[in-house]
Amino acid sequence: MAIEKTKAHLSREEIVAKQREFLLPSLGSHYQDPLPFVSGKGFHLKGADGREYLDFFGGIVTVSVGHCDEEITERTIAQMRTLQHTSTLFPIEAQARLAERLASITPGRLKKSFFANSGSEADEKAIQLAQAHTGRKTVVALRHCYSGGTAGVQTLTAHAPWRIGEPNAFPVVHARNAYCYRCPFGKAPSNCSMECAKDLEEVIQTTTSGEIAAFIAEPIQGVGGFITPPADYFKEAVAIARKYGGLFISDEVQTGFGRTGGKWFGIEHYDVEPDLMTGAKGMANGLPIGWVIANDEVSTALNGKVHLNTFGGNPVSSTAALATLDAMESRDLPGNAQRVGGYFRMRLEELAEKHSLIGDVRGMGLMQALELVKDRKTKEPAKQELQRVVEVARENGLVIGKGGLHGNVIRMTPPMSISTSEVDVAIASLDAAFAQVK
Ligand code: PMP
């Protein structure tokens, strides 16, 4: 087959046609009419259609500082010119420095890191560590969670559209989640007695031997649609997990690195110390990295085995992560996520007063969601309407995400360096889209 090698750039139509021909059809597309992007700067993306877009999704909660950030890019390129790869068989300076830095910003006694290339691998490793440490297999996860695409974490994932086949890597039981807008116990926030946290005990007592390896949870469920538990949820749920011998794994793949505002990690809002924590996505502003950190006791669980991850925390990804952390710290992005996130939330609540399609506004910091319903009383999910809002927003030059079990949640996670003026632009686009869709 003759392959065209000389052309610098393909047209939008050519890229889409090539993807259709050579990539798995199950990859799907965010938009009905697929949109490849050709460049990015700060909060903006340029499409292969020649148009500019304000990015309020950041490549799925990943471009945490901004597209092609000068400082991060320069340091990453310098590392690429110096040393790209040696493997984890040899100590890597940037990885060791990154691990030290992460030990200093993570809560409690978390100290020892292991690096991989994705959130899935990070969650897999956290489960392996918890199982080896406790000598048990059973893991408690939450309904609506998403933990990744590999076999083990697919078994955890409790979200049918994202579960492929019938994954069954180790015993997993699923407790009810703190989905306050659709409380699984039919309660209103005013008479909440946190049955969801208590459900953990019921599930452990009735569906396990009474001894578990771990409880894994996202502080805010990402793919689930930014489901945000009440302030006391984790204290209660984690105490139950520990009563039955389980370690607590905080999956910070979406909530980590300042995203929730004012703190480095989502779980810090809940005043609970995890035994293990995982991260990926926004950690290196778009370069592939996955990470698990354990406290001293748990960190030795896999001793006696050789631990390898060929690319994990390689010099380039680790340097990009260090540069991302430096940029976040020097520009106070966790603080900015809190301040601008607060303003964004207020503006979203104003939108909800105007447009009855919006049933719920939720999230923290610069991780905000709108759940769309056909009717505020019946709360029937408005999936088609959501797709139309997403499409009209695109026409208005705004990229937003989708999520939720019923595909009716708009997820918004712009680069954390945005200011209130970008929020105003996004709100105007959303307002126009809701006015058109209804
Ligand atoms: N955990 C959570 C909470 C996630 O949102 C994701 C990805 N959406 C993963 C794990 C898996 O990460 P990755 O796609 O990098 O494997």
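The notes below deal with the structure included here. (Residues numbered from 1 in each chain as written. Predicted model: local features only at pLDDT ≥ 70, side-chain atom pairs only at ≥ 80, totals over all residues. Heavy atoms only, no water.)

**So, the overall build of the protein**
- Each helix and strand counted, the protein has 13 helices and 15 strands in total.
- Considering only contacts within the protein whose residues lie at least 6 apart along the sequence, 74% involve residues at least 24 apart.
- Of the accessible surface of the protein, which amounts to about 19200 Å², a share of 53% is contributed by carbon and sulfur atoms.
- A gap of 2 Å separates the mean positions of the 47 positive and 50 negative side-chain charges of the protein. (Helix = DSSP H or I, 4+ residues; strand = E, 2+ residues; numbered from the N terminus. Contact = heavy atoms within 4.5 Å. Areas by Shrake-Rupley, 256 points an atom, 1.4 Å probe, with all protein chains shown as cover. Lys, Arg positive; Asp, Glu negative; His and termini not counted. Charge placed at Lys NZ, Arg CZ, Asp CG, Glu CD.)

**What to know about the sheet that holds strand β12 (residues 367-372)**
- One open sheet holds the 4 strands; their spatial order is β11-β12-β15-β14, and the pairing between them is antiparallel. Two strands close off the open sheet at either side, each with one partner strand: β11 (358-364) and β14 (401-403). Put simply, the sheet's adjacent strands are angled 25° from each other on average, direction ignored.
- Bridging between β12 and strand β15 (residues 409-412) involves 4 bridges; their strand directions are antiparallel. Looking across to β15, one finds that Ala369 is bridged to Arg411. (Pairing = 2+ DSSP bridges. Axes fitted to C-alpha atoms, helices over the stretch in contact; angles between N-to-C directions.)

**Details of the site of the ligand**
- Near the ligand you find Ser118, Gly119, Ser120, Asp123, Tyr146, Ser147, Gly148, Glu218, Asp251, Val253, Gln254 and Lys281, and these make up its full shell.
- Contact between the ligand and Ser120: an oxygen atom at 2.5 Å from a side-chain N or O atom of the residue.
- Gln254 has a polar side-chain atom sitting 2.8 Å from an oxygen atom of the ligand.
- Starting from 390 Å² of accessible surface for the ligand in isolation, the protein chains cover 84%.
- When residues of the shell around the ligand are assigned to their parent elements, the largest contribution, 3 residues, is made by helix α5 (residues 119-134). (Near = heavy atom within 4 Å. Polar contact = N/O pair within 3.5 Å; in protein donor to acceptor, adjacent residues only side chain to side chain.)

**Describing the packing of helix α11 (residues 333-354) against helix α13 (residues 420-437)**
- At their nearest, the axes of α11 and α13 sit 10 Å apart, and the two run at 20° to each other. Taken together, the axes of α11 and α13 lie roughly parallel to each other. Between α11 and α13 lies a crossing whose hand is right-handed. On α13, the residues that touch Val340, Tyr343, Phe344, Arg347, Leu348, Leu351 and Lys354 of α11 are Thr420, Val423, Asp424, Ile427, Leu430, Asp431 and Phe434.
- Residues of the contact of α11 with α13, tallied by class, amount to 9 nonpolar, 1 polar and 4 charged. (Parallel < 35°, antiparallel > 145°, perpendicular 65-115°, else oblique. Left-handed = near helix turned anticlockwise from the far one by under 90°. Nonpolar A, V, L, I, M, F, W, Y, C, P; charged D, E, K, R; others polar.)

**A few points about the pattern of salt bridges**
- With the rule as written, the count across this model stands at 26 salt bridges.
- One salt bridge in this structure joins Asp326 and Arg75, with 2.6 Å as the shortest N-O distance. With Asp326 in helix α10 (residues 315-330) and Arg75 in helix α3 (residues 70-82), this pair connects stretches of sequence that are 251 residues apart.
- When its relative accessible area of 24% is taken as the criterion, Asp326 is described as partly exposed. (Salt bridge = Lys/Arg side-chain N within 4 Å of Asp/Glu carboxyl O. Buried < 20%, exposed > 50% of the residue type's maximum accessible area, 1.4 Å probe, protein only.)

**Quick word on the nonpolar core**
- Formed by 96 residues in total, the largest nonpolar core has its most connected members in Leu200, Phe215, Tyr233, Leu372, Ile400 and Phe434.
- Sequence-distant contacts of Leu372, that is, excluding residues within four places in its chain, are made with Leu357, Ile358, Gly359, Glu380, Pro381, Ala382, Leu386, Val389, Asn408, Ile410 and Phe434.
- Ala130, Leu156, Ile216 and Leu247 belong to the second largest nonpolar core, which has 22 residues in total. (Core = buried A, V, L, I, M, F, W, Y, C linked by side-chain atoms within 4.5 Å.)

**What to know about the packing of helix α12 (residues 383-395) against α13**
- Remark: α12 packs on α13, axes separated minimally by 9 Å, with the N-to-C direction vectors making an angle of 135°. Between α12 and α13, the angle falls in the class oblique. Judged by the sense of rotation from one axis to the other, the crossing of α12 with α13 is right-handed. Contacts from Glu385, Arg388, Val389, Val392 and Ala393 in α12 reach Ala433, Phe434, Gln436 and Val437 in α13.
- In terms of residue class, the contact of α12 with α13 is built from 6 nonpolar, 1 polar and 2 charged.

**Thoughts on the side chain of Thr62**
- Among the structural elements, Thr62 can be located in the loop between α2 (58-61) and α3.
- At a separation of 2.8 Å, a polar atom in the side chain of Thr62 contacts the main-chain carbonyl oxygen of Ile60.
- Leave out the neighbours within four places in its chain, and Thr62 touches Lys281, Gly282, Asn285 and Gly286.

**Thoughts on the side chain of Gln79**
- In this fold, Gln79 is placed in helix α3.
- Excluding residues that lie within four positions of it along the chain, Gln79 makes contacts with Gln84, Pro315, Val316 and Thr319.

**Details of the packing of aromatic side chains**
- Enumeration according to the criterion identifies 10 aromatic pairs in this entry.
- Where Phe215 meets Phe248, the ring centres are 5.6 Å apart and the plane angle is 25°; that geometry is what we call stacked. Of this pair, Phe215 sits in strand β7 (residues 214-217) while Phe248 sits in strand β8 (residues 247-251); the two residues are 33 residues apart in sequence, bridging distant segments of the chain.
- Residue classification places Phe248 among the buried positions, given a relative accessible area of 0%.
- For the pair Phe234 and Phe248, a centre-to-centre distance of 5.9 Å together with 40° between the ring planes defines the contact as tilted. Within this pair, whereas Phe234 is found in helix α8 (residues 233-243), its partner Phe248 is found in strand β8, the two being separated by 14 residues in sequence. Here Phe234 matches Phe248 in class, with each residue buried.
- A connected cluster of aromatic rings, assembled from ring pairs, spans Phe215, Tyr233, Phe234, Phe248 and Tyr270. (Phe/Tyr/Trp six-rings, centres within 6.5 Å; stacked < 30°, edge-to-face > 60°.)

**Some remarks on a nonpolar patch on the surface**
- A surface patch of nonpolar side chains, amounting to about 320 Å² of accessible area, comprises Leu23, Leu24 and Leu27.
- Along the chain, Leu24 falls in the loop between α1 (12-22) and β1 (37-41). (Patch = residues over 30% accessible without salt bridge, like charges linked within 9 Å, V, L, I, M, F, W, Y side chains within 5 Å.)

**What to know about α11**
- Its 22 residues place the ends of α11 30 Å apart at the C-alpha level, agreeing with the 32 Å of an ideal helix rising 1.5 Å per residue.
- All of the buried residues along α11 are Leu333, Pro334, Gly335, Asn336, Ala337, Val340, Gly341, Phe344, Leu348, Leu351 and Ala352.
- Capping of α11 at its N-terminal end is provided by Asp332; its side-chain oxygen lies 3.1 Å from the backbone amide nitrogen of Gly335. (Expected span 1.5 Å × (residues − 1).)

Honestly, it's all geometry; don't read function into it.
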